[in-house]
Number of protein chains: 2
Amino acid sequence: MIRLGILGGGQLAQMTAQAAISLGVEIVIFERKPDSPASRLTHHQVVGAWDDDSALEEFISLCDVITLENEFVDASVLETIEEAGVPVYPSSATLARVQDKLIQKTTMREAGIPVPDFLGVESPDSIRIAADQFGYPMLLKARRDGYDGYGNFTLESEDDIETAWEELGGNDGRGLMIEKFVPFEYELAVMVLRGRDGEIRTYPVVETVQRDHICHVVRAPANVPADSVQIAEEIARKAVTAIDGVGVFGVELFKLKDSTILYNEIAPRPHNSGHYTIEACVTSQFENHIRTVLGWSLGATSLVTPSAVMVNLLGERDGEAEAEGIRDALAIAGAHVHIYSKRAVRPGRKMGHITVLADSIEEAEARARQAADLVNL
Amino acid sequence: MIRLGILGGGQLAQMTAQAAISLGVEIVIFERKPDSPASRLTHHQVVGAWDDDSALEEFISLCDVITLENEFVDASVLETIEEAGVPVYPSSATLARVQDKLIQKTTMREAGIPVPDFLGVESPDSIRIAADQFGYPMLLKARRDGYDGYGNFTLESEDDIETAWEELGGNDGRGLMIEKFVPFEYELAVMVLRGRDGEIRTYPVVETVQRDHICHVVRAPANVPADSVQIAEEIARKAVTAIDGVGVFGVELFKLKDSTILYNEIAPRPHNSGHYTIEACVTSQFENHIRTVLGWSLGATSLVTPSAVMVNLLGERDGEAEAEGIRDALAIAGAHVHIYSKRAVRPGRKMGHITVLADSIEEAEARARQAADLVNL
């Protein structure tokens with residue numbers, strides 16, 4: 001059996017492992033701690049830090065091909081894998097262009113992709129100077145390792161600069177950048193699939209709704225005009241091509257009221273905005289990610305339903321996770337429940353999701369929200 | 001997390017385990033040998049014989065609820081589980097009515113279900129006497145432990161009796177029965193779901209095509225008149241009710257040319273004729289089996305596509321299994337490939353299956369067969 005290694009053992013690795021079973025592909029998980037959601041689905045696991053040389057060596061020796069479930073792996077780890085002769089996707093070069101947001105956005109702008117104005121900043125003073133050009137509000141962002149709103153600070157006025165600078169680690173030498181605030185109407189996302197040979201396919205353009213900077217609801221397809229769909233797909237394809245990506249990528253976009261569409265960011269892996277594909281598309285993002293990184297043929301990305309809505313199950317307290325309400329949620333007709341089986345819950349933590357397919361977005365969303373409200377993890 | 005124990009670790013347990021992941025249910029596998037397909041998906045495994053008291057005790061201690069993946073477990077094993085206070089479905093009483101085919105058919109006949117004529121036989125002479133009543137051809141069958149044609153012998157004339165009697169173990173005291181041969185036009189099957197509270201749901205009636213007594217192709221829905229569908233569903237519901245079944249059951253039927261429908265047999269578990277439900281129905285037979293044995297709500301059983309066809313991937317040689325052709329099969333648009341990852345292959349062994357959804361049975365079948373032909377395991 002072919003062995004696919006995954007750097008990380010969370011829910012994205014778990015759902016990838018689930019898809020791997022049908023394909024006859026064995027999974028190897030490399031995660032800092034034992035008992036991660038994905039590690040429970042395989043007997044092949046390395047527990048250790050990704051930058052621990054001997055753990056990494058052991059992991060490489062167990063794998064035929066390697067991928068990752070988040071972009072916080074240092075590109076140098078991927079370089080070590082490449083030097084050992086094991087194919088790894090995304091590549092170190094792709095990851096290096098993604099994981100530093102300043103480099104990422106520069107790469108995209110150079111590729112002709114419309115992005116919000118941005119600038120690297122080295123001091124509070126340079127933020128003040130940028131403000132003259134951008135105007136408030138602006139976003140101060142950590143260049144690396146931000147997620148779900150962590151690592152972002154909205155600057156409403158000059159008064160916020162010192163606090164934001166300190167909070168995001170500017171005084172500790174952390175790389176920061178500012179970005180012009182974009183008054184978007186919708187946030188859109190597109191999952192893109194790109195093969196080793198450059199063949200490229202997009203999943204439907206979806207609308208994502210955030211709650212406290214965390215993905216909360218995904219509506220597929222997005223209710224936007226056909227020309228917006230075309231522009232969004234075009235940007236998404238360009239973005240993945242610009243970083244020479246292989247595998248599945250989540251491209252997030254802003255749609256403004258005047259129909260302008262701007263690039264927001266890219267995730268070099270399966271993405272929350274693509275979970276709906278498990279039930280709603282011919283081939284799920286997870287199966288397609290596996291197929292693509294293995295160099296196999298790309299699966300069809302079309303919808304099998306008029307509409308689908310996914311609602312995240314987010315933690316609401318600190319403590320040990322429970323499974324309350326799962327059976328109640330399942331009683332909602334057509335509710336597809338996905339539990340990530342994390343042992344601990346904390347506010348805002350992604351604990352699972354629910355997808356409902358229906359003839360309209362409204363119907364799908366009403367049922368998905370109703371089911372999600374019944375779960376208390 | 002709730003722990004569901006499964007007696008057996010083959011492909012049915014594997015696909016049940018796959019469905020369990022999304023529901024946040026942990027699986028415990030009890031199988032004679034290590035490294036079974038399902039055992040690779042969990043860290044909770046007991047290796048031993050089902051009738052080994054200490055292994056069984058260990059297994060029971062690990063589980064909240066228990067089910068099985070085949071009917072070759074002795075009902076006494078289920079009794080031990082029941083005595084230990086752990087819910088097990090199907091129950092020992094249900095299994096006792098199923099696993100001996102003479103008892104099974106007697107139960108069904110007494111419930112008013114139309115079955116082919118049958119008779120228990122104690123000697124070659126009693127077969128000769130029955131022949132006067134039934135006429136040739138007749139089937140001589142082992143009352144227990146037959147599958148995929150093993151344990152069956154077609155008697156074309158009196159000359160076959162001694163050979164068949166010896167081959168099926170009559171001289172060793174194995175219980176045998178004869179059954180009148182039914183000149184069927186089609187074989188049909190219905191998956192039935194029955195809850196702890198007696199709530200009952202049927203999946204669509206499908207047509208099954210056997211090759212050398214092994215399920216080869218399943219067409220959903222079956223191309224039979226509406227009244228035949230109604231009769232088939234009615235028989236299937238009656239059959240599961242007659243054995244007080246809880247969980248998912250596969251009911252196999254014969255449809256004669258004159259539209260008579262006769263009961264053939266029942267599998268007290270997910271069944272090959274229901275694999276198509278993974279992609280083609282709102283809720284798969286595996287998810288519904290788990291939900292039902294846990295006492296949760298029953299999921300919708302309707303088709304999400306006009307037509308679906310499943311083709312089994314059967315072994316064609318003896319040796320170590322390989323994964324050749326999987327990537328070729330995936331290149332067929334819409335081919336959903338399921339590999340069971342058995343280490344060894346032998347002729348006729350079920351190694352995987354392929355399902356294709358389409359607007360017509362013809363289209364689905366053409367593509368499913370094309371994809372299956374490309375795989376060489």
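As shown above, the structure is provided for reference.
Quick look at the structure, then. (Residues numbered from 1 in each chain as written. Chains lettered and ligands numbered in written order. Predicted model: local features only at pLDDT ≥ 70, side-chain atom pairs only at ≥ 80, totals over all residues. Heavy atoms only, no water.)

Quick look at the overall build of chain A now. A count of helical and extended segments in chain A gives 12 helices and 19 strands. A globule of 377 residues ought to have a C-alpha radius of gyration of about 21 Å, and chain A, at 20 Å, matches this closely. By its C-alpha atoms, chain A is 55 × 50 × 45 Å across when sized along the principal axes. The burial tally for chain A puts 60% of its 377 residues in the buried class. Excluding contacts between residues fewer than 6 apart, the proportion of contacts in chain A whose partners are at least 24 apart in sequence is 63%. Just so you have it, chain A exposes about 14,300 Å², and 46% of that area is on carbon and sulfur atoms. If the 34 positive side-chain charges of chain A are averaged to one point and the 58 negative ones to another, these points end up 3 Å apart. (Helix = DSSP H or I, 4+ residues; strand = E, 2+ residues; numbered from the N terminus. Rg over C-alpha atoms; globule rule 2.2 N^0.38 Å. Buried < 20%, exposed > 50% of the residue type's maximum accessible area, 1.4 Å probe, protein only. Contact = heavy atoms within 4.5 Å. Areas by Shrake-Rupley, 256 points an atom, 1.4 Å probe, with all protein chains shown as cover. Lys, Arg positive; Asp, Glu negative; His and termini not counted. Charge placed at Lys NZ, Arg CZ, Asp CG, Glu CD.)

This next bit is on helix α4 (residues 92-99) of chain A. Residues three or four positions apart in an α-helix share a direction because the helix packs 3.6 residues into each turn. Residue and element names in this part refer to chain A. Among the residues of α4, Ser92, Thr94, Leu95, Val98 and Gln99 are the ones counted as buried. The arc enclosing the buried residues of α4, seen along the axis, measures out at 155°, which places them on a common side. Residues of α4 that are buried in the fold lie against β4 (65-68), α3 (75-83), α5 (101-110), β13 (247-256) and β14 (261-267). (Arc of directions from axis to C-beta.)

For the rest of this paragraph, the subject is empty space enclosed by the protein. Residues and elements named next belong to chain B. Under the defined criterion, the tally for this structure stands at one cavity of 30 Å³ or more. The wall of the largest cavity is formed by Ile6, Leu12, Ala13, Thr16, Thr67, Leu68, Glu69, Pro270 and His289. Counting residues per element, the lining of the largest cavity draws most heavily on helix α1 (residues 11-23), which supplies three residues. Residue composition of the lining of the largest cavity, by class: five nonpolar, three polar and one charged. (1 Å grid on protein atoms, 1.4 Å probe; cavity = no way out; pocket = protein on both sides within 12 Å on 5 of 7 lines; lining within 4 Å. Points joined across faces, edges and corners; volume = space filled by probe spheres on them. Nonpolar A, V, L, I, M, F, W, Y, C, P; charged D, E, K, R; others polar.)

Next up on the list: the pattern of salt bridges. Any two side chains of opposite charge can pair, on the condition that their charged atoms come close. Applying the stated rule across the entire model yields 46 salt bridges over all chains. We note a salt bridge from A:Glu26 to B:Arg343, for which the minimum N-O separation is 3.6 Å. Placement of A:Glu26 in strand β2 (residues 25-31) and of B:Arg343 in the loop between β17 (336-339) and β18 (344-345) is noted, with the two residues assigned to different chains. A:Glu26 gets classed as buried once you look at its relative accessible area, which sits at 10%. Through salt bridges with shared partners, a single ionic network connects A:Arg3, A:Glu26, B:Asp35, B:Arg40 and B:Arg343. (Salt bridge = Lys/Arg side-chain N within 4 Å of Asp/Glu carboxyl O.)

Note that the two copies of the chain are related through a rotation about an axis and a translation along the same axis. With an RMSD of 0.0 Å, chain B superimposes on chain A once it is rotated by 180° and translated 0.0 Å along the axis. Accordingly, the operation relating the two chain copies is best matched by a two-fold axis. Residue B:Leu41 of chain B places its C-alpha closer to the rotation axis than any other residue of that unit, at 2.2 Å. Residue by residue, 100% of the interface of chain B is reproduced at the interface of chain A, so both copies engage with the same surface. (Least-squares fit on C-alpha atoms with pLDDT ≥ 70 in both.)

Here we take up the interface of chain B and chain A. Of the residues lining the interface, 31 residues belong to chain B; the matching set on chain A comes to 31 residues. Buried area between chain B and chain A, both sides added, is near 2,900 Å², and the carbon and sulfur share of it is 53%. Of all residues in chain B, the largest losses of buried area upon contact with chain A belong to B:Ile21, B:Ser22 and B:Leu330, amounting jointly to 20% of the total for that side. The interface formed by chain B and chain A holds 17 residue pairs in polar contact (both at pLDDT 80 or more) in total. Those elements giving two or more residues to the side of chain B that touches chain A turn out to be α1, α10 (285-293), α11 (326-330) and β17 of chain B. (Buried area = accessible area lost by both parts, 1.4 Å probe. Polar contact = N/O pair within 3.5 Å; in protein donor to acceptor, adjacent residues only side chain to side chain.)

Residues and elements named next belong to chain B. With respect to topology, four strands assemble into an open sheet ordered β5-β8-β6-β7, the strand pairing being antiparallel. Looking at strand neighbours, the two that pair on one side only are β5 (118-121) and β7 (152-155), the edges of this open sheet. Strand-to-strand, the axes of this sheet are offset by a mean angle of 25°, without reference to chain direction. Bridging between β5 and strand β8 (residues 176-180) involves four bridges; their strand directions are antiparallel. Residue pairing across strands places Gly120 opposite Met177, the latter belonging to β8. (Pairing = 2+ DSSP bridges. Axes fitted to C-alpha atoms, helices over the stretch in contact; angles between N-to-C directions.)

Before going further, it helps to spend a moment on the state of the cysteines. Residue and element names in this part refer to chain A. If you walk through the whole model with that rule in mind, you get zero disulfides over all chains. In this structure Cys215 is not part of a disulfide, and its nearest cysteine sulfur, from Cys281, lies 15 Å away. Looking at Cys215, the relative accessible area reads 7%, which means it is buried. (Disulfide = S-S within 2.5 Å.)

Quick look at the side chain of A:Ser307 now. Residue and element names in this part refer to chain A. Mapped onto the elements of the fold, Ser307 is located in strand β15 (residues 307-314). With a relative accessible area of 6%, Ser307 lands in the buried category. There is a polar contact of 3.3 Å between the side chain of Ser307 and the backbone nitrogen of Ile361. Once residues lying within four places of it in the same chain are set aside, the contact partners of Ser307 are Ala220, Pro221, Val356, Leu357, Ala358, Asp359, Ser360 and Ile361.

Scope: geometric values only; no functional claims are made or implied.
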